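Structure at a glance
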Amino acid sequence: MLLAMDTTAAVDRRVANRVRVLGPSLSVGEATVAELRERVLSTIRGENQLAGIRAAALAELTRRAGTELTENELRERGKRPRRRARSEVETARELEKLPETSKGLREGEISYENARILARASQRGTIDEKELLDDARTQSPDKFAATVRKHEQQRSADDGVSRLEHQRSQRYARIRTDHTDGMTVLYGRFDPITGARIETVLSKKMNELWQEEDPNNRATPAQRMADALALLLTRPGGDKDGPSQDVKLLVIADYDVVNQQLSNARLENGTPIPASELRRLACDAQILPAIFRGPSVPMDMGMARRKASPSQRAALIARDRTCIGCGAKAAWCQSHHIIHWQDGGPTNLDNMCLLCSRCHHNVHDRNWQVEQTPTGAYRLRPPPTKQKRPPNPKHQHAQHRRTLHPAKQRK
């Protein structure tokens, strides 16, 4: 896919101002698999370039005509939702302060989502744009957001305490009735630590509900989360017997052997935690020490235990962080034996990984394989696909006749 802009003075200004997309001339039916993959990547690069061109125009239009008119232009003529229109204008204005990011966006090397993450971080305070550019080009938005959060914490003068306090001051929750159908709508925003606590409780209840469901008539994940939230709010114990086990918040920290203290505290998704907050959490939390790659008994249970112990599961979450197949959240995953337990596979970290229900099904029933990368991380590999020629109708018809009348074919 190619983008073109007519910029010569000889042509009509309306033509010179328009962006044109030149689509591929080769049809999808004629393209090979490799060519189709390349086409998909080229469209993504083109989207990034278009976003960069639009951001520059929005910033200039805002300067000349004002924010309200620019947002209204996006809503009315661009058919953008109100919130997205406001976000695009804010991002465009902030990208003017990030010249290298804007250049990478216009050249298609940086995605609009990563550019927006940088723009928001720039709004919150001073960041080192050049230090983050390589990651912005190579990382997915989810991973890059975590990279930027860590970058901000490292550059913070107070270890991120003021940022966490600001996030807590921005908390809110809303409940309203959708008058179109009478449904109740809940919405809320919380600081990362409170959010992690809420998600942990919800995920625990969702897993319990999944165990109780009829396998042939399962609820969707969204329905299951709604059921879990309703149970927790209306019946805090979930049932008359109370919760089946305590809900724990997983916090990971490195141990500095030289200084004999914890450092680099973070949630399981990589969100940094200030040292003062770690100390506060430690006052009312259960501390579960874990040593990775060591001969620790809680982690290396061998064949004596089929299910992962709580400490093993915590270690798996710290290592894999998400489902190794699709990236689903760790709270929604099960501990999978790479060499199946019934085949003699031990219950230890080296033989386990995190898989969500769908990816677990792919491994057990669809021949997907768990493999280890050179860096030591685990990932899922789909079964090999064989390139087959389109069937010849005449051959199929002859084969069908031989199958139906084998005796006649032998005569």
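Orientation of helix α10 (residues 192–212) relative to helix α11 (residues 221–234), taken along the N-to-C sense of each, is 110°, at an axis distance of 9 Å. Considered as vectors, α10 and α11 are oriented roughly perpendicular to each other. At the point where α10 passes α11, the crossing takes the right-handed sense. Residue-level contacts link Val-201, Leu-202, Lys-205, Met-206, Leu-209 and Trp-210 of α10 to Pro-221, Arg-224, Met-225, Asp-227, Ala-228, Leu-229, Leu-231 and Leu-232 of α11. Residue classes in the contact of α10 with α11 are distributed as 11 nonpolar, no polar and 3 charged.

The subject of this paragraph is the packing of aromatic side chains. One pass over the full model with this rule turns up 1 aromatic pair. Here Tyr-172 and Tyr-187 contribute two aromatic rings whose centre-to-centre distance is 6.2 Å and whose plane-to-plane angle is 45°, an arrangement assigned as tilted. Here the residue Tyr-172 occupies a position in strand β3 (residues 172–177), and Tyr-187 occupies one in strand β4 (residues 184–189), the gap between them amounting to 15 residues. Residue classification places Tyr-172 among the partly exposed residues on the basis of a relative accessible area of 30%. Taking the relative accessible area as the measure of exposure, Tyr-187 reaches 39% and is therefore partly exposed. Looking at Arg-218, its charged tip hangs above the ring of Trp-210, at a distance of 4.0 Å from the centre.

The next thing to look at is the nonpolar core. One finds Leu-95, Leu-105, Leu-118, Leu-132, Phe-144 and Val-148 to be the most contacted residues of the largest nonpolar core, which totals 25 residues. Mapped by element, the contributors of at least two residues to this core are α2 (33–65), α4 (82–95), α6 (112–124), α7 (129–138) and α8 (141–155). Broken down by element, the residue count for this core peaks at 6 residues, all from α6.

Here the focus is α6. Its 13 residues give α6 an end-to-end C-alpha distance of 19 Å, which sits within 8% of 18 Å, the value for a rise of 1.5 Å per residue. Within the span of α6, buried status applies to Tyr-112, Asn-114, Ala-115, Arg-116, Ile-117, Leu-118, Ala-119, Ala-121 and Ser-122. Contacts from the buried residues of α6 go to α2, α4, α5 (99–106), α7 and α8.

This next bit is on the environment of Cys-333. With respect to the helices and strands, the residue Cys-333 is situated in strand β7 (residues 333–337). It is 6.4 Å that separates the C-alpha atoms of Cys-333 and Cys-323, two residues lying 10 residues apart in sequence. Setting aside residues up to four positions removed in sequence, Cys-333 forms contacts with Arg-313, Thr-322, Cys-323, Ala-328, Leu-354, Leu-355 and Cys-356.

A word on the pairing of β4. Note that β3 and β4 share 6 bridges and pair antiparallel. Residue pairing for β4: Thr-177 is matched across the bridge by Thr-184. Between β3 and β4, which pair antiparallel and follow one another directly, the connecting turn spans 6 residues, one of which, Gly-182, has a positive phi of 80°.

On the secondary structure map, Asn-114 appears in helix α6. Apart from residues no more than four positions distant in its own chain, Asn-114 is found in contact with Asp-135, Ala-136, Gln-139, Ser-140, Pro-141 and Phe-144.

Time to look at a positive patch on the surface. Taken together, the side chains of Arg-82, Arg-83, Arg-86, Arg-120, Arg-174 and Arg-189 present a region of like positive charge at the surface. Among the elements that line the positive patch, the one with the most residues is α4, at 3 residues. Assignment of secondary structure puts Arg-189 in strand β4. On the basis of relative accessibility, which here comes to 49%, the residue Arg-189 falls in the partly exposed class.

Turning our attention to the side chain of Arg-39. Mapped onto the elements of the fold, Arg-39 is located in helix α2. Of the side chains bearing the opposite charge, Glu-35 lies closest to the buried Arg-39, which forms no salt bridge; the N-O distance is 6.5 Å. In this structure Arg-39 touches Pro-24, Leu-26, Ser-27, Val-28 and Ala-31, once residues within four positions along its chain are discounted.

Calculation rules
- Residues numbered from 1 in each chain as written.
- Predicted model: local features only at pLDDT ≥ 70, side-chain atom pairs only at ≥ 80, totals over all residues.
- Heavy atoms only, no water.
- Axes fitted to C-alpha atoms, helices over the stretch in contact; angles between N-to-C directions.
- Helix = DSSP H or I, 4+ residues; strand = E, 2+ residues; numbered from the N terminus.
- Parallel < 35°, antiparallel > 145°, perpendicular 65-115°, else oblique.
- Left-handed = near helix turned anticlockwise from the far one by under 90°.
- Contact = heavy atoms within 4.5 Å.
- Nonpolar A, V, L, I, M, F, W, Y, C, P; charged D, E, K, R; others polar.
- Phe/Tyr/Trp six-rings, centres within 6.5 Å; stacked < 30°, edge-to-face > 60°.
- Buried < 20%, exposed > 50% of the residue type's maximum accessible area, 1.4 Å probe, protein only.
- Lys NZ or Arg CZ within 6 Å of the ring centre and 35° of its normal.
- Core = buried A, V, L, I, M, F, W, Y, C linked by side-chain atoms within 4.5 Å.
- Expected span 1.5 Å × (residues − 1).
- Pairing = 2+ DSSP bridges.
- Patch = residues over 30% accessible without salt bridge, like charges linked within 9 Å, V, L, I, M, F, W, Y side chains within 5 Å.
- Areas by Shrake-Rupley, 256 points an atom, 1.4 Å probe, with all protein chains shown as cover.
- Salt bridge = Lys/Arg side-chain N within 4 Å of Asp/Glu carboxyl O.
- Lys, Arg positive; Asp, Glu negative; His and termini not counted.
- Charge placed at Lys NZ, Arg CZ, Asp CG, Glu CD.

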